[in-house]
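# Structural overview for review
Chain by chain, the residues run as shown.
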Amino acid sequence: MNLTNLVKEKATHLGFHRVGIAAVDPHNPETPGHQGLQNWLSQGYQAKMGWMGDPRRQQVQKVMPEVRSLICVALNYYTEHPHSQDPNHGKISRYGWGRDYHKVLGRRLKALSLWLTEEHNATCRWYVDTGPVSEKAWAERAGIGWIGKHGNVITRTHASWVFLGEVLTDLELDSDKPHTAHCGNCVKCLDACPTDAITQPYVVDANRCIAYHTIENRDEELPEAIAQNLNNWVAGCDICQDVCPWNQFYSVPTDIPDFQPYPQNIAPSLSHLATLSQEQWDEQFRASALRRIKPTMWQRNARANQQNQEEKTSNNKNR
Ligand code: SF4
Ligand code: SF4
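Chains are numbered independently. Their residues run from 1 in the order of the written sequence. As a convention, the first chain written is A and the first ligand written is 1, with the rest following in written order. Totals for whole chains, interfaces and linings use all residues, but because this is a predicted model, local features are given only for residues with pLDDT of at least 70 and pairs of side-chain atoms are given and counted only at 80 or more.

Once that is clear, we can look at the overall build of the protein. A run of H or I in DSSP becomes a helix once it reaches four residues, and a run of E becomes a strand once it reaches two; helices and strands are each numbered from the N terminus. Across its full length, the protein carries 13 helices and 10 strands. A compact globule built from 319 residues should have a C-alpha radius of gyration of about 20 Å, and the protein, at 20 Å, falls within 12% of that. Burial statistics for the protein: of 319 residues in total, 44% are counted as buried. Working definition of a contact: two residues with C-beta atoms, positioned from the backbone, lying within 7 Å. Expressed as a percentage of contacts within the protein between residues at least 6 apart in sequence, the contacts between residues at least 24 apart total 79%. Radius of gyration means the value over C-alpha atoms here, while the globule rule gives 2.2 Å times the residue count to the 0.38 power. Put plainly, a residue is buried at 20 or more neighbouring C-beta atoms within 10 Å of its own, exposed at 12 or fewer, and partly exposed in between, counting only other residues' C-beta atoms, which are placed from the backbone.

This part covers the site of ligand 2. Looking at ligand 2, the residues that line it are Gly148, Lys149, His150, Cys183, Cys186, Val187, Lys188, Cys189, Val243, Cys244, Pro245 and Trp246. For the shell around ligand 2, the elements supplying multiple residues, two or more each, are helix 5 (188-192) and helix 9 (245-250). Amino acids are sorted into nonpolar (Ala, Val, Leu, Ile, Met, Phe, Trp, Tyr, Cys and Pro), charged (Asp, Glu, Lys and Arg) and polar (every other residue, Gly among them). A per-class count over the shell around ligand 2 returns eight nonpolar, two polar and two charged. No fewer than three residues from each of domain 1 (3-80 + 98-169) and domain 2 (188-318) sit in the shell around ligand 2. What makes a residue near a molecule or strand is its C-beta atom, placed from the backbone, lying within 6 Å of it. Residue ranges labeled as domains rest on an automatic or database domain assignment.

Attention now moves to the domain arrangement of the protein. Domain parsing of the protein yields domain 1 (3-80 + 98-169) and domain 2 (188-318). A separation of 25 Å is found between the C-alpha centroids of domain 1 and domain 2. With 33 residues of domain 1 at the interface, the matching set in domain 2 holds 31 residues. The set of elements that each furnish at least two residues to the side of domain 1 that touches domain 2 consists of strand 2 (69-76) and helix 3 (101-120). At four residues, the largest contribution of residues to the side of domain 1 that touches domain 2 is made by helix 3. Within the side of domain 1 that touches domain 2, the residues separate by chemical class into 13 nonpolar, 13 polar and seven charged.

With that settled, the discussion passes to unusual backbone geometry. The phi angle of most residues is negative, glycine excepted, and most peptide bonds adopt the trans form. In this structure, Asp129 is a non-glycine residue whose phi angle is positive, near 70°. The topology assignment puts Asp129 in the loop between strand 4 (124-127) and helix 4 (135-141). In this structure Asp129 comes out as partly exposed when scored by C-beta crowding, with 15 C-beta atoms within 10 Å. If you check the backbone angles, Ala287 has positive phi at about 55° while not being a glycine. Turning to its location among the elements, Ala287 is positioned in the loop between helix 12 (278-284) and helix 13 (295-318).

Attention shifts here to the site of ligand 1. Every residue lining ligand 1 is accounted for by His150, Cys193, Thr195, Ala197, Ile198, Val204, Cys209, Ile210, Ala211, Cys237, Ile239 and Cys240. Among the secondary structure elements, those contributing two or more residues to the shell around ligand 1 are helix 6 (210-215) and helix 8 (239-242). Among the residues forming the shell around ligand 1, the class breakdown is 10 nonpolar, two polar and no charged.

On to the pairing of strand 7 (residues 162-169). Among the eight residues in strand 7, eight count as buried, and that is most of the element. Of the two faces of strand 7, the one lined by Val162, Leu164, Glu166 and Leu168 and the one lined by Phe163, Gly165, Val167 and Thr169 are each fully buried. Here strand 4 runs beside strand 7; their pairing, made up of four bridges, is antiparallel. Across the sheet, the residue bridging to Trp126 is Val167, located in strand 7. Two strands pair if DSSP finds at least two bridges between them.

Attention now goes to the environment of Asp129. For the pair formed by Asp129 and Asn207, sequence separation is 78 residues and the distance between their alpha carbons is 20 Å. The residues touching Asp129, leaving out its near neighbours within four places in the chain, are His102 and Glu135.

A separate point is the pairing of strand 1 (residues 18-23). Among the six residues that make up strand 1, five are buried, leaving the element largely enclosed by the rest of the structure. Pairing of strand 1 with strand 2 involves six bridges; the strand directions are antiparallel. Considered in strand 2, the bridge of Val19 is made with Val73.

Right, let's talk about the sheet that holds strand 2 for a bit. A sheet is described by the order of its strands in space; here four strands give the open sequence 1-2-7-4, paired in antiparallel fashion. The open sheet is flanked by strand 1 and strand 4, the only strands paired with a single partner. Strand-to-strand twist in this sheet, taken as the mean axis angle between neighbours without regard to direction, amounts to 20°. Together, strand 1 and strand 2 form the strand contacts of helix 1 (residues 3-13), whose direction differs from that of strand 1 by roughly 145°. Think of each axis as a best-fit line through the C-alpha atoms, taken over the contacting stretch in the case of a helix, with angles from 0 to 180 degrees between the N-to-C directions. Packing of helix 3 onto the sheet brings it into contact with strand 2, strand 4 and strand 7, and relative to strand 7 it is tilted by some 25°.

What follows is about the nonpolar core. Soluble, globular proteins show a tendency: their nonpolar side chains are buried together. Ranked by internal contacts, the top residues of the largest apolar core, which has 84 residues, are Ile71, Cys72, Ala74 and Leu75. A domain-level breakdown of this core finds at least three residues from each of domain 1 (3-80 + 98-169) and domain 2 (188-318). To define a nonpolar core, we join buried Ala, Val, Leu, Ile, Met, Phe, Trp, Tyr and Cys residues through C-beta atoms within 7 Å and take the resulting set.

This part takes up helix 3. For a helix, the expected span equals 1.5 Å multiplied by the residue count minus one. Its 20 residues give helix 3 an end-to-end C-alpha distance of 27 Å, which sits within 8% of 28 Å, the value for a rise of 1.5 Å per residue. Restricting attention to buried positions, one finds in helix 3 the residues Tyr101, Val104, Leu105, Arg108, Leu109, Leu112 and Leu116. Following helix 3 by one or two positions, Asn121 has its phi on the positive side, about 55°.

Laid out in structure tokens, this is it:
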């Protein structure tokens, strides 16, 4: 078996659901999708996510000068629980229901890197979402899936409910074919977005996105256009992925026990979140990616939803 196939076998053995290789051309330093990223940044669509403008994101050699290949992986996190429709409960995006994906993917990527270093004398760096690497563009280049019009990577096998990670290595591995795009004429995600955040296919303006504001915005108040359209989301937003035909037909329950939801994360009551204390937050979101959302942000997000409910009730009474 050649080295590329050995690497793929090892990644599969470690539990990754998809693995693909993208070769890095040392004579063409630009990362795939760099022009799109540059356009997106010049519109200010990154909002306050300053790290998206890190120049290393547009040239992977700036992250690791000797890099020759990216081993891109995906892990399915879908579980068959519906989002709550109870107006008194908040909705949390599926990615945050179970154990922190940084830990779950990180453990496996670390093991893969260690094996490459020890058995194949490779130099490696691995990332889950945290490094200055354009992981969606590289995943598409490595044949994992394609970037849908909602900006997420869609796989043929597990739809878009996947976490992405990658190992950068100096090994020269055989490249997979880049994935072809399969959105066709569909615009369901654009039509469904309540805040018109998908300004055009493949372009999401974070300033208008519920996911950005509930997770990243640290201001005391949410912008009015977001607050009024939260639709009970308190952490992230799955609307554009939920309506996607690929997710409706190709979602498969994960076999990773760590991604089974912590019961308290599926449908927390808004009144509980609206007064969430530091101690409750610490207890509820232990080993969770949702720790990124601080107690005051949970309170703010929950209260904005409560206010929407109150206004709805009062409008109904006045009819
Ligand atoms: S996550 Fe929600 S707000 Fe953001 S683009 Fe998708 S549907 Fe729109
Ligand atoms: S909803 Fe349609 S356009 Fe949007 S990502 Fe899915 S297939 Fe593509």
